[in-house]
Amino acid sequence: MLDAIRYLVDNGIKWRAMPADFPRWDRVYAFFRRWRDHGLVREFHDRLRGQVRQTLGKDAEPSAGVIDSQSVKADAVVGADSRGFDGGKQINGRKRHVVVDTLGLLLAVTVTAADTGDRTAAQVLLAQVAGTHHRLNLVWADGGYTGSLVEHCLAALAVVLSIVKRSDDMRGFVVLPKRWIVERFFAHLMRSRRLVRDFERRTTSAEAMIYWSMVPLMTRRLARPHSRRA
């Protein structure tokens, strides 16, 4: 069942196109739906992440993270109630708001309409992350998270939101400290065909697909703990 869902996420197939080597598609979907609705996919993912961090000599719980968002086009099955237009990226679809640790491993994700502001979503997402990961005290972000959110995080969550800005005199592509970690994470998502576009009717399914996409990465890191490749 696990391999069947990983195959679907990686290759971007429809549920009904599940190869005959796996169980029937409706049984695989029922398994996926049960794990999604009961939060088991996230629990499975979080346990793997803790093992990877300990294998690499880190504490199982992170003390720092990086936050950012990614807008992706939505398929026609996505309803108007969970899709919007991102004017900055010129994308009609959904937006993925994520927090990753300093290894680039996912801490939390929430999927919203693309017209949802980064600071609005971040206020809810960071509260969720701070409540789950009690050692977290520092989060790096880009210039889109400035303003009252910085004071809110410090006062309400005891988390320092450090803004990493691009200098005005920079020209061309420049790797910015800490922000490259979450950009690498988004690049990893784009390697899974199911995630190149949002095909899920429910945002909870879209979030579950992101958690599933990280499972192969973490199992490889557990198998090759000293490898530098993500």
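What comes next concerns the included structure. Keep in mind that this is a model prediction, so the values were computed, not measured. (Residues numbered from 1 in each chain as written. Predicted model: local features only at pLDDT ≥ 70, side-chain atom pairs only at ≥ 80, totals over all residues. Heavy atoms only, no water.)

## Let's talk about the pattern of salt bridges
(1) Moving on: Tallied over the full model, the rule gives 11 salt bridges.
(2) Moving on: For Asp 46, the salt bridge identified is with Arg 49, shortest N-O distance 2.8 Å. Taken together, the positions of Asp 46 and Arg 49, both in helix H3 (residues 40–55) and 3 residues apart, correspond to about one turn of that helix. For the pair Asp 46 and Arg 49, one class covers both residues: buried.
(3) Moving on: The salt bridge partner of Arg 53 is Asp 101, with a shortest N-O separation of 2.9 Å. Of this pair, Arg 53 sits in helix H3 while Asp 101 is found in strand S3 (residues 91–101), placing the two residues 48 residues apart along the sequence. Here Arg 53 matches Asp 101 in class, with each residue buried.
(4) Moving on: Connected through salt bridges with shared partners, the residues Arg 42, Asp 46 and Arg 49 form a single ionic network. (Salt bridge = Lys/Arg side-chain N within 4 Å of Asp/Glu carboxyl O. Helix = DSSP H or I, 4+ residues; strand = E, 2+ residues; numbered from the N terminus. Buried < 20%, exposed > 50% of the residue type's maximum accessible area, 1.4 Å probe, protein only.)

## Details of unusual backbone geometry
(1) Moving on: A positive phi angle, close to 55°, is found at Gln 90, a residue other than glycine.
(2) Moving on: With respect to the helices and strands, Gln 90 occurs in the loop between strand S2 (84–86) and S3.
(3) Moving on: You will see that Ala 158, though not glycine, has its phi angle at about 55°, which is positive.
(4) Moving on: Note that Ala 158 resides in the loop between helix H5 (148–157) and strand S6 (160–163).

## Focus on the pairing of S3
Consecutive residues of a regular strand have side chains that alternate between opposite faces of the sheet.
(1) Moving on: Counting buried residues in S3 gives 10 out of 11 residues, a clear majority hidden from the surface.
(2) Moving on: The loop that links S2 with its antiparallel partner S3 comprises 4 residues; one of these, Gln 90, has a positive phi angle of about 55°.
(3) Moving on: As paired elements, S3 and strand S4 (residues 106–113) share 7 bridges and run antiparallel to each other. The partner of Arg 96 across the bridge, within S4, is Val 111. (Pairing = 2+ DSSP bridges.)

## So, the side chain of Arg 179
(1) Moving on: Along the chain, Arg 179 falls in helix H6 (residues 179–189).
(2) Moving on: Here Arg 179 occupies a buried position and makes no salt bridge, while the nearest side chain of opposite charge, Asp 142, is found at 4.4 Å.
(3) Moving on: Look past the residues within four positions of Arg 179 in its chain and what remains in contact with it is Val 66, Ala 141, Asp 142, Val 164, Lys 165 and Arg 166. (Lys, Arg positive; Asp, Glu negative; His and termini not counted. Contact = heavy atoms within 4.5 Å.)

## Considering the nonpolar core
(1) Moving on: Val 98, Val 100, Leu 106, Phe 185, Ile 210 and Trp 212 are the most contacted members of the largest nonpolar core, which has 42 residues in total.
(2) Moving on: Elements supplying a minimum of two residues to this core: helix H1 (2–11), helix H2 (25–37), H3, strand S1 (64–73), S3, S4, H6 and helix H8 (203–223).
(3) Moving on: For this core, the leading source of residues is H8, giving 10 residues.
(4) Moving on: Sequence-distant contacts of Ile 210, that is, excluding residues within four places in its chain, are made with Arg 96, Leu 106, Val 109, Val 111, Phe 185, Leu 189 and Leu 195. (Core = buried A, V, L, I, M, F, W, Y, C linked by side-chain atoms within 4.5 Å.)

## Comments concerning empty space enclosed by the protein
(1) Moving on: Applying the stated criterion to the full structure yields 1 cavity of 30 Å³ or more.
(2) Moving on: Considering only enclosed or pocket space, the largest cavity measures out at about 40 Å³ in volume.
(3) Moving on: Those elements that place two or more of their residues in the lining of the largest cavity are helix H7 (193–196) and H8.
(4) Moving on: A per-element tally of the lining of the largest cavity places H8 first, with 3 residues.
(5) Moving on: Partitioned by chemical class, the residues of the lining of the largest cavity number 5 nonpolar, no polar and 5 charged. (1 Å grid on protein atoms, 1.4 Å probe; cavity = no way out; pocket = protein on both sides within 12 Å on 5 of 7 lines; lining within 4 Å. Points joined across faces, edges and corners; volume = space filled by probe spheres on them. Nonpolar A, V, L, I, M, F, W, Y, C, P; charged D, E, K, R; others polar.)

## Considerations on the packing of H1 against H2
Packed helix pairs are specified by the crossing angle of their axes together with the interaxial distance, meaning the distance between the axes.
(1) Moving on: Across the interface, H1 lies against H2 with an axial gap of 10 Å and an inter-helix angle of 90°. With respect to H2, the axis of H1 lies roughly perpendicular. Listed contacts from H2 to Leu 2, Ala 4 and Ile 5 of H1 are Val 28, Phe 31, Phe 32 and Trp 35.
(2) Moving on: The class makeup of the residues in the contact of H1 with H2 is 7 nonpolar, no polar and no charged. (Axes fitted to C-alpha atoms, helices over the stretch in contact; angles between N-to-C directions. Parallel < 35°, antiparallel > 145°, perpendicular 65-115°, else oblique.)

What is shown is where atoms sit, not what they do.
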